[in-house]
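One letter stands for each residue in the lines below.
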Amino acid sequence: MAARTRRLGRPPRRAGGSGGRRKARPENSPPADPGYCGGRRGFARAGPLVAMAATRSVMRAVRVFEFGGPEVLKLQSDVLVPAPKENQVLIKVHACGVNPVETYIRSGTYARKPALPYTPGSDVAGVIEGVGEHVTAFKKGDRVFTLETLSGGYAEYAVAAANRVFPLPDKLDFRQGAAIGVPYFTAYRALFQKGCAKAGESVLVHGASGGVGLAACQIARACGLKVLGTAGTEEGMNVILRNGAHQAFNHRDPNYTEKIKACTGPGGVDIIIEMLSNVNLDADLQLLSRAGRVMVVGCRGRIEINPRDTMSKESSIIGVSLFLATEEERRECATAVLDGIEAGWLKPVVGLEYPLEKVAKAHEDIICSSGARGKMVLLL
Ligand SMILES: NC(=O)c1ccc[n+]([C@@H]2O[C@H](COP(=O)([O-])OP(=O)(O)OC[C@H]3O[C@@H](n4cnc5c(N)ncnc54)[C@H](OP(=O)(O)O)[C@@H]3O)[C@@H](O)[C@H]2O)c1
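Residues numbered from 1 in each chain as written. Predicted model: local features only at pLDDT ≥ 70, side-chain atom pairs only at ≥ 80, totals over all residues. Heavy atoms only, no water.

### Description of the site of the ligand
Under the convention used in this document: By convention in these notes, a residue is near a molecule or strand provided one of its non-hydrogen atoms lies within 4 Å of it. Under the rule applied, a polar contact is a pair of N or O atoms within 3.5 Å (in protein, one hydrogen donor and one hydrogen acceptor; residues adjacent in sequence only if both atoms are side-chain atoms). Put simply, DSSP H or I for four residues or longer makes a helix, DSSP E for two residues or longer makes a strand, and each gets a number counted from the N terminus.
The full set close to the ligand counts 28 residues, and Ser209, Gly232, His251, Val320 and Ala372 are the nearest of them. Measuring from an oxygen atom of the ligand, one finds a side-chain N or O atom of Arg252 at 3.4 Å. Here an oxygen atom of the ligand sits 2.7 Å away from a polar atom, N or O, in the main chain of Ala372. Where the shell around the ligand is concerned, the elements lending two or more residues are helix H3 (100–107), helix H5 (181–194) and helix H6 (211–222).

Quick look at the structure:
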């Protein structure tokens, strides 16, 4: 194994760090890492784990021991490389996407909380390092991406269930591979599984310059929709236009909704993929067509709306949660995404890149962005 191997003088306690009984993990919450050595906080009583601890490899990984600001993201260099179980694979991580939800979870204010300590990150791209005994779909050396790790993606190695891992073709680099999972699956789910989009309809991607937004622009364009998108900078607008949007608008321009209305005419827009509902939902209801749908993908607070605005057009406000997708829906997303890669229209756009050491800065920047231009990724 390529990971650095170090003899540990004392045995690790089991993942969980603080030594008490581990709390049951809430449904859908990111898991705590199964293979954590624990650094200074992880050493405990001697016992049967001594031999294993003395031989297993260690790696660099980001660990969160308490919920809080970006400063709780601790880069450690003595975290045990997790071992894949029978239906799992071990991935040598080359890049990991940063998703806004990882900042909400880290802060401890999100509905889903992992057991502490944990390693954040789900959108990993890399190379298969090892496979569990029942895995036949992958072998050491295969290039892959996933949107769901079991041990956390902000790390040099991560384990994932083999059925949640997909081949990464040579034409996409690892940074692009790390930009596929959550953004494209969410965009597909919002457009088709929840929004029932059809070719010939129009879609406004409200917040199109980031990970989910650019994915939505590419998918919608490839499937025959008329695509309008917004960004907060000139550069962001240009990225949108290069990635499927027919028209781009600046959501920092005070008159931009009037410009969108002028573009759509009195008919309005059929679907809105909304990245900041707490700011835009009221305005969205004015932009919709009859029987139009607002897909609530992102929301960071409350907003007042007049429900009457939905009556006058029989419009709908629909929440989207990738976490609630069924196995069958996940397979459908994967099929669409893999088909898009093969056909060539799915080309993830990578924005800001950070080394693992700068993970706290990445978490600050994704929330206080001065203008997205693609998916933010950590490089390992
Ligand atoms: N529901 C789900 O299952 C699910 C899944 C994934 C993500 N999400 C959520 O979806 C949102 C977007 O995720 P992401 O990964 O694309 O984040 P991202 O890469 O950080 O992009 C954020 C986007 O929001 C835009 N934005 C900023 N201010 C805006 C405004 N006033 N009106 C409209 N858009 C605005 C940004 O544009 P500029 O930077 O150009 O201003 C950028 O395009 C986040 O809130 C995330 O938590 C939800």
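### Examining the packing of helix H8 (residues 256–264) against helix H9 (residues 277–287)
Filter applied, for reference: Note on geometry: axes are lines fitted to C-alpha atoms, helical ones only across the stretch in contact, with angles between N-to-C directions running from 0 to 180 degrees. Under this scheme an angle from 65 to 115 degrees is roughly perpendicular, one under 35 degrees roughly parallel, and one over 145 degrees roughly antiparallel; angles in between are oblique. What makes a crossing left-handed is the near helix being turned counterclockwise from the far one by less than a right angle; a clockwise turn instead makes it right-handed. Contact definition: two residues touch when any of their heavy atoms are within 4.5 Å. Residue polarity follows a fixed list, in which Ala, Val, Leu, Ile, Met, Phe, Trp, Tyr, Cys and Pro are nonpolar, Asp, Glu, Lys and Arg are charged, and the others, Gly among them, are polar.
In contact at an axis separation of 10 Å, H8 and H9 are set at 20° when each is read in the N-to-C sense. Looking at the two axes, H8 sits roughly parallel to H9. Both H8 and H9 take part in a crossing whose hand is right-handed. Counted together, Tyr256, Thr257, Ile260 and Lys261 of H8 and Asn280, Ala283, Gln286 and Leu287 of H9 form the full contact between these two elements. Of the residues belonging to the contact of H8 with H9, the class tally is four nonpolar, three polar and one charged.

### Some points on unusual backbone geometry
Definition in use: Partly exposed describes any residue whose relative accessible area lies between the buried limit of under 20% and the exposed limit of over 50%, with all areas from a 1.4 Å probe on protein chains only and scaled to the type maximum.
Look at the link from Leu116 to Pro117: it is a cis peptide, with omega at -10°. Here Pro117 is to be found in the loop between H3 and strand E4 (124–131). The phi angle at Cys196 is positive, at roughly 50°, despite the residue not being glycine. Relative to the helices and strands, Cys196 is located in the loop between H5 and strand E8 (202–206). One non-glycine residue, Ala291, adopts positive backbone phi at about 65°. Its place among the elements puts Ala291 in strand E12 (residues 288–296). What makes Ala291 partly exposed here is its relative accessible area of 43%.

### Quick look at H6
To keep things clear, this is the line we draw: Here a helix's expected span is defined as the number of its residues, less one, multiplied by 1.5 Å.
Helix length check: H6 (twelve residues) gives 17 Å between terminal C-alpha atoms against 16 Å at 1.5 Å per residue, within 8%. For H6, the tally of buried residues reaches ten of twelve residues, placing the bulk of the element in the interior. Looking at the packing, one finds that the buried side of H6 touches H5, E8, strand E9 (226–231), helix H7 (234–242) and strand E15 (375–379). Gly224 sits one or two residues past H6 and shows a positive phi near 90°.

### A look at the environment of Ala187
Within the secondary structure, Ala187 is located in helix H5. The exposure class of Ala187 is buried, given its relative accessible area of 1%. Between the C-alpha atom of Ala187 and that of Val212, which follows or precedes it by 25 residues, the distance is 5.8 Å. Excluding anything up to four places from it in sequence, Ala187 contacts Val212, Ala215, Ala216 and Ile219.

### Looking at the pairing of strand E3 (residues 88–97)
Heads up, the condition is: Any two strands between which DSSP finds at least two bridges are classified as paired.
Among the ten residues of E3, eight are classified as buried, and the element is accordingly described as predominantly covered. Pairing between E3 and strand E6 (residues 157–161): five bridges, direction antiparallel. Bridging from a neighbouring strand, Gln88 pairs with Ala161 of E6. The sheet contact formed by E3 and E4 spans seven bridges and is antiparallel. Its bridge partner being in E4, Ala95 is matched across the sheet by Ala125.

### Looking at the pattern of salt bridges
Pairs can form between side chains of opposite charge once their charged atoms are near each other. We apply this condition: The working definition used for a salt bridge is a side-chain nitrogen of Lys or Arg within 4 Å of a carboxyl oxygen of Asp or Glu.
Overall, the coordinates contain 16 salt bridges when judged by the stated rule. Arg143 serves as the salt-bridge partner of Asp170, at 3.7 Å between the closest nitrogen and oxygen. Residue Asp170 is found in the loop between strand E7 (165–167) and helix H4 (174–177), and its partner Arg143 is found in strand E5 (residues 143–146); the two are separated by 27 residues along the sequence. Put simply, Arg189 and Glu329 hold a salt bridge, and the shortest N to O gap is 2.9 Å.

### Focus: the sheet that holds strand E11 (residues 269–274)
The strand order across the open sheet formed by six strands is E10-E9-E8-E11-E12-E13, and the pairing between neighbours is parallel. Whereas interior strands pair on both sides, the edge strands pair on one side only; in this sheet they are strand E10 (247–250) and strand E13 (316–319). Taking the axes of each pair of neighbouring strands and ignoring which way they run, one obtains an average angle of 20° across the sheet.

### Some thoughts on the packing of aromatic side chains
Operational definition: Think of it this way: a Phe, Tyr or Trp ring, Trp meaning its six-membered ring, pairs with another when their centres are within 6.5 Å, and the plane angle makes it stacked under 30 degrees, edge-to-face over 60, tilted otherwise. A positively charged side chain is recorded as over a ring if its NZ (Lys) or CZ (Arg) lies within 6 Å of the ring centre. The angle to the ring normal must also be within 35 degrees.
The tally for this structure, following the rule as stated, stands at five aromatic pairs. Their ring planes at 40° and their centres at 6.4 Å tell us that Phe67 and Tyr118 sit as a pair that is tilted. Taken together, the residues Phe67 in the loop between strand E1 (58–64) and strand E2 (73–80) and Tyr118 in the loop between H3 and E4 connect sequence positions 51 residues apart. Assessed through its relative accessible area of 1%, Tyr118 is described here as buried. Plain terms: the ring middles of Tyr104 and Tyr110 are 5.8 Å apart, the flat faces sit at 45° to each other, and that makes the pair tilted. An aromatic cluster of at least three residues, connected via ring pairs, comprises Phe145, Phe166 and Phe185. Stacked on the ring of Tyr157, the Lys or Arg Lys92 has its end atom at 5.3 Å from the ring centre. For Arg112, the ring lying beneath its charged end belongs to Phe323, and the centroid distance is 3.2 Å.

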